[in-house]
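# Reading the structure
Here is what each chain is made of, one letter per residue.
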Amino acid sequence: MAGFFSTCAASDHYCLQLRSGSAHHELIRPNKYRRTMIRCCSTAKGKTRRDYYQVLGVATHSTPQEIKEAYRKLQKQHHPDIAGDKGHDHALLLNEAYEVLMRSSSRKADGFGKSRGGFGSGYTGDGYSSWNGPIRSQALFVDENKCIGCRECVHHAGETFAMDDVLGSAHVEVQFGDVEQQIQVAVESCPVNCIHWVGSEELPVLEFMARPQPKEGHGVFGGGWERPKDVFAAARNFSRKLEKQERQESSRGANGGEDMEAETAAQAEARRHAGQELRWKSLFDVWNGLGDWRKSGTDR
Amino acid sequence: MAEQFYTVASDSETTGDDKAQQSFPDVAIGIDIGTSRCSVAIWNGHQVELLKNTRSQKGMRSYVMFKDDTLSAGVTGGATKEHAHEERDILSGSAIFNMKRLIGRMDTDEVVQASKTLPFLVQTLGIGVRPFIAALVNNMWRSTTPEEVLAIFLLELKALVEMHLKHPVRNAVLTIPVAFSRFQQTRIERACAMAGLHVLRLMPEPTAVALLYAQQQQQLMQDNMGSGIEKIALIFNIGAGYCDVAVSATAGGVSQIRALAGCTVGGEDILQNVMRHLLPDYDSLCDNAGPTTDRIKSMGLLRMATQDAIHKLASQESTEINADLGNGLKVSKLLSRAEFEQVNQAIFEKCERIIKQCLSDAKLTPEDINDVILVGGCSRIPKIRSLVLGLCKKGDSYGSIDDLEAAVSGAALEGAIASGVTDPSGSLDLLTIQATPMNLGIRADGDGFAAIIPRNTAVPARRDMLFTTTQDNQAEALIAVYEGEGEQAEENHLLGYFKITGIPPAPKGAVEISVCMDIDAGNVLRVFAGVVKPQGEATPPFMEVRMPTLDDGHGWCGQALAKMYGSKLDLAVLPKKLHP
């Protein structure tokens, strides 16, 4: 991610060079501090959870234990104590990934994880595109249904847009990856006007909806993958659904404790009994069968 | 910063290209400067070795003796047995000790106020400037500074190591208390620079112990072919001046610091409490008109008798104190352990508080802890042992660590690791992942404190936060960087400040200013700040500032800034728009 702080540092650097020659700039930035060319400042917000799993090289369904082990292994290679100053950025990324993933996995372990089955499952609340620099109020979004795959936008702002050759449509890879002017040209160049400016808060939902979703199957019919026809409408519906769910969950959370305790001792006993029966039933059956067989054997 | 600490020229030597060389001679040494005792350790190629001085002591008394024209520190301690400094000499006024308690502190600090009872001169004005410190030489007070005293001491330590290794040493890893502010850390670095040492790392004491523990656990694992189970250790360190706690998660030779906490209580406070208990008019003895020769003498005698009694109480239920302090003053008392514990109740409560805080910060319960490690001189006090073990619900503490040598050994290990030494047998296949002990942030929303990097964040760390202007067409904004736990900026330590100028005119709240903080593995803090919205030709370049920029620790600066600029250059925290 070519970032925002690097551009700033670089321009700063450039001025210095202009003013007082490169000798001075060597003095100002001795070798040791070469990494002060900080590459990206707001890494935290730009990444999706998937990126973090990639950073640590673990599967998305990894247990906290696996995440921890991967983190330690990688830190042992990249921590500045071992890899020297050049390990700084990598170690930062590892720390960040570890923190985010451990937070989310401990949340899951605590039973707060929201599992949404069927349509819309897998929504994490993060967008797919990353951010170059800090989050701004506006973001770019490509309506991939309308996109005809002309590559105009990729041509004009290659850092921002990327082409998905499988789907045959363009999408935003890095928000504000190019300077604003280039982005504007790219937006205007689209022959079908499928590049939209949207509010950053809508972005994660839109980007999520734009991806092909697993379709809810009914028996042998349906199933497979589909992408909503009208992304914007679908996103509106989806966020409404999310809101509703959240409201329900919070109201359930508020009196959830009582619900839990409402189970009487007798009920608990019954539940335990049922569970036991389920577990042992097959054995009982075998035993009974054996008995029958034996009985019939003696009869014979 | 005004002083240049480092000889920058060859700094990159220790990192990068030279890594692979096994015989790289410049392995950083480990130094533990305690309030009362110091030790130094080296990595001798296959293990950590503690060095002994000419009197074959491993733990050397931390003091510097000022004589007519010679200075001698506790390392050599008067060089030979015949000239050995007695405790009596050290307490005669001509030796300065406890510099670790005094370094980088203002005279309004209660630790400095408590140090006024020491047998050398600590003069305070009580306005928030450096205290005046002097040693008695030929019946005359000769001024010095804690940094200077420390530097003299370090110089002797360095000579000792060089004599042993037969080659010069340049890099060192020092242990520091968790409670040290960043300003105090710069003072330590300054003292090291004066002694010709480059500080490779400053390690909080319990984290050094944690690293040693990680090494032991790994060796244990290799021996029994055990699996890499994560072990949680609580390390409690109480020395003469400071008390620290750390919770570390250890697996596969990696010690991950989960939480840190520390405070400025230690053996010195215990000692003073007991002296006050033994001699009710103790304060009038030392406060009135400063120390005179016979007052110093009686205070020294009392101190020695009390110290002795405290040591005895570690193994006995009660002890008798009989001391003739001169001038008709006599102390004779039977001190029981219960009485001793009663007198120091407040100190034990403080220890309890930081352990509880550390555990809750690490989000762990006492049941999660596998080992409790007790280190530091005062950890031998029965009450402290039982208190820590009780809080952690453990029967006994971890045994295979020496309570006085653990910190320095850990520092030497870190020195070897960070210098790029590898060991074929795998005993250096270790890593410590440090955490920040305090919140770091800037002043915002008036007198508020906006923490950008919260405490116990894994290092290296980088975080940023968006701020906005509070006035219409505000052209400048003041970034005042603070460190501490307080909700208000003034309750915390001011580390430095700078202005962002040339903000494009805009209504208040429209401009977005990003402030980013970056801590590298060497614990260097850099602050980056600049306007991110609106962007364009008109916005000024970003700023990168290395902290702390302040040259002295007094609190005037923050007050002056607030008085001078008030809300004119204020910033407000911009609420986050996205909640990933």
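Residues numbered from 1 in each chain as written. Chains lettered and ligands numbered in written order. Predicted model: local features only at pLDDT ≥ 70, side-chain atom pairs only at ≥ 80, totals over all residues. Heavy atoms only, no water.

## Describing the overall build of chain B
A tally of regular secondary structure across chain B gives 14 helices and 28 strands. The buried share among the 580 residues of chain B stands at 58%. Here the analysis covers contacts within chain B between residues at least 6 apart in sequence; of these, 67% occur between residues at least 24 apart. Accessible surface computed for chain B: about 22800 Å², of which carbon and sulfur atoms make up 51%. (Helix = DSSP H or I, 4+ residues; strand = E, 2+ residues; numbered from the N terminus. Buried < 20%, exposed > 50% of the residue type's maximum accessible area, 1.4 Å probe, protein only. Contact = heavy atoms within 4.5 Å. Areas by Shrake-Rupley, 256 points an atom, 1.4 Å probe, with all protein chains shown as cover.)

## Some words on the side chain of D371 of chain B
Residues and elements named next belong to chain B. With respect to the helices and strands, D371 occurs in strand β18 (residues 371-375). In terms of polar contacts, D371 uses its side chain to reach the side chain of Y213, at 2.5 Å. In contact with D371, other than residues within four places in its own chain, are Y213, Q217, K231, I232, A233, L234 and Y398. (Polar contact = N/O pair within 3.5 Å; in protein donor to acceptor, adjacent residues only side chain to side chain.)

## Description of helix α9 (residues 293-313) of chain B
Taking 1.5 Å of rise per residue, 21 residues should cover 30 Å, and α9 of chain B covers 30 Å from first to last C-alpha, within 8% of that figure. Of the residues making up α9 of chain B, those classed as buried are I296, S298, M299, G300, L302, R303, A305, T306, A309, I310 and L313 of chain B. (Expected span 1.5 Å × (residues − 1).)

## Quick look at unusual backbone geometry
Residue and element names in this part refer to chain B. Of the consecutive residues V459 and P460, the connecting peptide bond is found in the cis state with omega at 0°. Following the sequence through the fold, P460 ends up in the loop between β21 (448-453) and β22 (461-469). Cis geometry is adopted by the peptide bond preceding P534, which originates at K533 and carries an omega value of -5°. Along the chain, P534 turns up in the loop between β26 (525-533) and β27 (543-547). Residue D445 is not a glycine yet carries a positive backbone phi of 50°. Relative to the helices and strands, D445 resides in the loop between β20 (440-444) and β21. Judged by relative accessible area, which is 47%, D445 ranks as partly exposed. Within the chain, N523 stands out as a residue other than glycine whose phi angle is a positive 65°. Relative to the helices and strands, N523 is located in the loop between β25 (512-519) and β26.

## What about the pairing of β18 of chain B?
Residue and element names in this part refer to chain B. Of all five residues that make up β18, five are buried, and the element is covered over most of its length. Side chains of β18 alternate between two faces, with D371, I373 and V375 and V372 and L374 buried alike. Sheet topology places strand β13 (residues 231-238) next to β18; five bridges connect them, and they run parallel. Across the sheet, the residue bridging to A233 is D371, located in β18. (Pairing = 2+ DSSP bridges.)

## Examining the state of the cysteines
All names here are of chain A. Under the criterion given, the structure shown has zero disulfides over all chains. Counting only cysteine sulfurs, C194 is the nearest neighbor of C190, a cysteine outside any disulfide, at a range of 3.6 Å. We classify C190 as buried; its relative accessible area is 9%. (Disulfide = S-S within 2.5 Å.)

## Notes on the pattern of salt bridges
Two side chains that carry opposite charge are able to pair once their charged atoms sit near each other. Residues and elements named next belong to chain B. Scanning the model with the defined rule gives 34 salt bridges over all chains in all. D518 serves as the salt-bridge partner of R462, at 2.8 Å between the closest nitrogen and oxygen. In this pair, R462 sits in strand β22 while D518 sits in strand β25, placing the two residues 56 residues apart along the sequence. The two residues R462 and D518 agree in class, both being buried. (Salt bridge = Lys/Arg side-chain N within 4 Å of Asp/Glu carboxyl O.)

## Focus on the environment of R50 of chain A
Within the secondary structure layout, R50 of chain A lies in helix α3 (residues 49-56). Counting along the chain gives 51 residues from R50 of chain A to L101 of chain A, while the straight-line C-alpha distance between them is 9.8 Å.

## Some points on empty space enclosed by the protein
All names here are of chain B. Tallying each qualifying case throughout the model produces seven cavities of 30 Å³ or more. Estimated volume of the largest cavity: approximately 280 Å³. Along the wall of the largest cavity there are 26 residues; nearest its centre are L202, P204, Q434, A435 and N523. Residue assignment for the lining of the largest cavity shows that the elements contributing at least two residues are α5 (182-194) and β12 (198-204). Broken down by element, the lining of the largest cavity gets its largest block of residues, four residues, from β12. Grouping the constituent residues of the lining of the largest cavity by class yields 13 nonpolar, seven polar and six charged. The residues that make up the lining of the largest cavity include at least three from each of domain 1 (8-204 + 406-433) and domain 4 (440-573). (1 Å grid on protein atoms, 1.4 Å probe; cavity = no way out; pocket = protein on both sides within 12 Å on 5 of 7 lines; lining within 4 Å. Points joined across faces, edges and corners; volume = space filled by probe spheres on them. Nonpolar A, V, L, I, M, F, W, Y, C, P; charged D, E, K, R; others polar. Domains from an automatic or database assignment.)

## Points about the environment of E512 of chain B
Within the secondary structure layout, E512 of chain B lies in strand β25. C-alpha of E512 of chain B to C-alpha of K533 of chain B: the two residues are 21 residues apart in sequence and 4.9 Å apart in space.

## Re the packing of α3 of chain A against helix α4 (residues 64-78) of chain A
All names here are of chain A. Put simply, α3 and α4 touch, their axes get as near as 9 Å, and they point 55° apart. Classified by the interaxial angle, the pair formed by α3 and α4 is oblique. For the pair formed by α3 and α4, the contact residues are Y53, V55 and L56 on the first element and I67, A70, Y71 and L74 on the second. Each residue belonging to the contact of α3 with α4 can be placed in one class, and the counts come to seven nonpolar, no polar and no charged. (Axes fitted to C-alpha atoms, helices over the stretch in contact; angles between N-to-C directions. Parallel < 35°, antiparallel > 145°, perpendicular 65-115°, else oblique.)

## Description of helix α9 (residues 203-210) of chain A
With eight of its eight residues buried, α9 of chain A lies for the most part within the structure. Of all the residues in α9 of chain A, the buried ones are L203, P204, V205, L206, E207, F208, M209 and A210 of chain A.

## Structural notes on the sheet that holds β25 of chain B
Residue and element names in this part refer to chain B. Taken in spatial order, the five strands of this open sheet run β27-β26-β25-β22-β28, and their pairing is antiparallel. The open sheet is flanked by β27 and β28 (571-573), the only strands paired with a single partner. Within the sheet, the average angular offset between the axes of one strand and its neighbour, ignoring direction, is 30°. The pairing of β22 with β28 spans three bridges and is antiparallel.

## Comments concerning the confidence of the model for chain A
Residues and elements named next belong to chain A. For chain A, the mean per-residue pLDDT works out to 67, and 55% of the residues sit at or above 70. Across residues 1-45, confidence stays below pLDDT 50; counting only partners more than four residues off in sequence or on other chains, it has 72 contacts. For residues 294-300, every residue scores under 50 in pLDDT, and the model assigns this stretch zero contacts once sequence neighbours within four places are set aside. (pLDDT = per-residue confidence, 0-100.)

## Re the confidence of the model for chain B
Counting all residues, the mean pLDDT for chain B is 86, and 91% of those residues have values of 70 or more. Low pLDDT (under 50) marks residues 1-24 of chain B, which in the prediction has 41 contacts with non-local residues, meaning those over four places away or in another chain.

## Quick notes on the packing of aromatic side chains
Residue and element names in this part refer to chain B. Tallied over the full model, the rule gives six aromatic pairs over all chains. With a centroid separation of 5.6 Å and an interplanar angle of 80°, the aromatic rings of F97 and F120 are classed as edge-to-face. Of this pair, F97 sits in strand β7 (residues 95-97) while F120 sits in the loop between α3 (110-114) and β8 (121-123), and the two are 23 residues apart along the sequence. We classify F120 as buried; its relative accessible area is 0%. With a centroid separation of 5.0 Å and 80° between ring planes, the pair formed by Y213 and Y398 is classed as edge-to-face. Pair noted here: Y213 is in helix α6 (residues 205-224) and Y398 is in the loop between α12 (382-391) and α13 (406-418), with a separation of 185 residues, a long-range link. No difference in accessibility class separates Y213 from Y398, as the two residues are buried. (Phe/Tyr/Trp six-rings, centres within 6.5 Å; stacked < 30°, edge-to-face > 60°.)

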